[in-house]
Amino acid sequence: MYINVAYKPSLRDPEGETISRDLLARLGFGVEVRSGKCLVLYIEAESPEAAREAALKIAREARLGNPNVHVIEVVRVEEG
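For the structure given in this document, a descriptive report is provided here. Along each chain, residues carry numbers from 1 onward, in the same order as the chain's sequence is written. Local features in a predicted model are, by the rule used here, given only for residues with pLDDT of at least 70; side-chain atom pairs are given and counted only at 80 or more, and totals for whole chains, interfaces and linings are based on all residues. Derived side-chain values reflect all non-hydrogen atoms in the structure, with water molecules and hydrogen atoms excluded from consideration.

### Considering the nonpolar core
Think of a nonpolar core as a cluster: buried Ala, Val, Leu, Ile, Met, Phe, Trp, Tyr and Cys residues, connected wherever their side-chain atoms sit within 4.5 Å. Exposed residues in this analysis have more than 50% of their type's maximum accessible area, buried residues have under 20%, and partly exposed residues fall in between, with area computed by a 1.4 Å probe over protein chains only. One finds Met 1, Ile 3, Val 5, Leu 41, Ala 51, Ala 55, Leu 56, Ala 59 and Val 74 forming the largest nonpolar core, which totals nine residues. Each helix corresponds to a stretch of at least 4 residues labelled H or I by DSSP, and each strand to a stretch of at least 2 residues labelled E; elements are numbered beginning at the N terminus. By residue number, the principal contributor to this core is helix α2 (residues 48-61), which donates four residues. We call two residues contacting when some pair of their heavy atoms lies within 4.5 Å. Leaving out residues up to four positions away in the same chain, Leu 56 has contacts with Ile 72 and Val 74.

Written as structure tokens, this is what we have:
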């Protein structure tokens, strides 16, 4: 289970802006970058949907991100 925690799109992302400027200056790539953190959780559940719900519950209750400024999303669920 992969959980992404990133700034909400409406908020500035200073780290992403710095990376974006560096990519343009050093490599010539003019791209927008949003930074965040990716957490990997190993959850045993009866279905991918149950695992997704458990991961979101863990993220909210453990406050892996600040709900006022971060978006928390499950970006990938793998069975196995």
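### Brief notes about the side chain of Ser 35
Here Ser 35 shows up in the loop between α1 (14-27) and β2 (36-40). Residue class for Ser 35 comes out buried when judged on its relative accessible area of 10%. Separated by 3.3 Å, the side chains of Ser 35 and Glu 15 make a polar contact. In this structure, Ser 35 is in contact with Ala 6, Tyr 7, Asp 13, Glu 15 and Gly 16, ignoring residues within four places of it in sequence. By the criterion applied in these results, polar contacts are pairs of N or O atoms within 3.5 Å in which, for protein atoms, one can donate a hydrogen and the other can accept it, and in which residues neighboring in sequence qualify only through two side-chain atoms.

### Looking at the sheet that holds β2
Spatially, three strands are ordered β2-β1-β3 in an open sheet, and the strand pairing comes out antiparallel. Only two strands of the sheet have a single partner each, and these edge strands are β2 and β3 (70-76). When the angles between neighbouring strand axes are averaged without regard to direction, this sheet yields 20 degrees. Note that strand β1 (residues 2-7) and β3 share six bridges and pair antiparallel. If you follow Ala 6 over to β3, its bridge partner there is Val 71. With axes taken as lines fitted to C-alpha atoms, and helix axes fitted only over the stretch in contact, angles between N-to-C directions fall between 0 and 180 degrees. Its contacts with the sheet put α2 on β1 and β3, and the angle it makes with β3 is roughly 155 degrees. Strand pairing is assigned whenever DSSP identifies at least 2 bridges connecting the two strands.

### Notes on the pattern of salt bridges
We count a salt bridge whenever a side-chain nitrogen from Lys or Arg sits within 4 Å of a carboxyl oxygen from Asp or Glu. Inspection of every chain in the model, using the stated rule, returns two salt bridges. Between Glu 17 and Arg 12 there is a salt bridge, and its shortest N-O distance comes to 2.6 Å. Since its relative accessible area comes to 29%, Glu 17 is described here as partly exposed. We classify Arg 12 as exposed; its relative accessible area is 57%.

### Looking at the environment of Val 77
When you line up the elements, Val 77 lands in the segment after β3. When the C-alpha atoms of Val 77 and Gly 28 are compared, they prove to be 34 Å apart, with 49 residues separating the residues in sequence. Discounting residues that sit within four places of it in the chain, Val 77 has contacts with Met 1, Pro 48 and Arg 52.

### Let's talk about unusual backbone geometry
Positive phi values are uncommon outside glycine, yet Arg 63 reaches one of about 50 degrees. By the element assignment, Arg 63 lies in the loop between α2 and β3.

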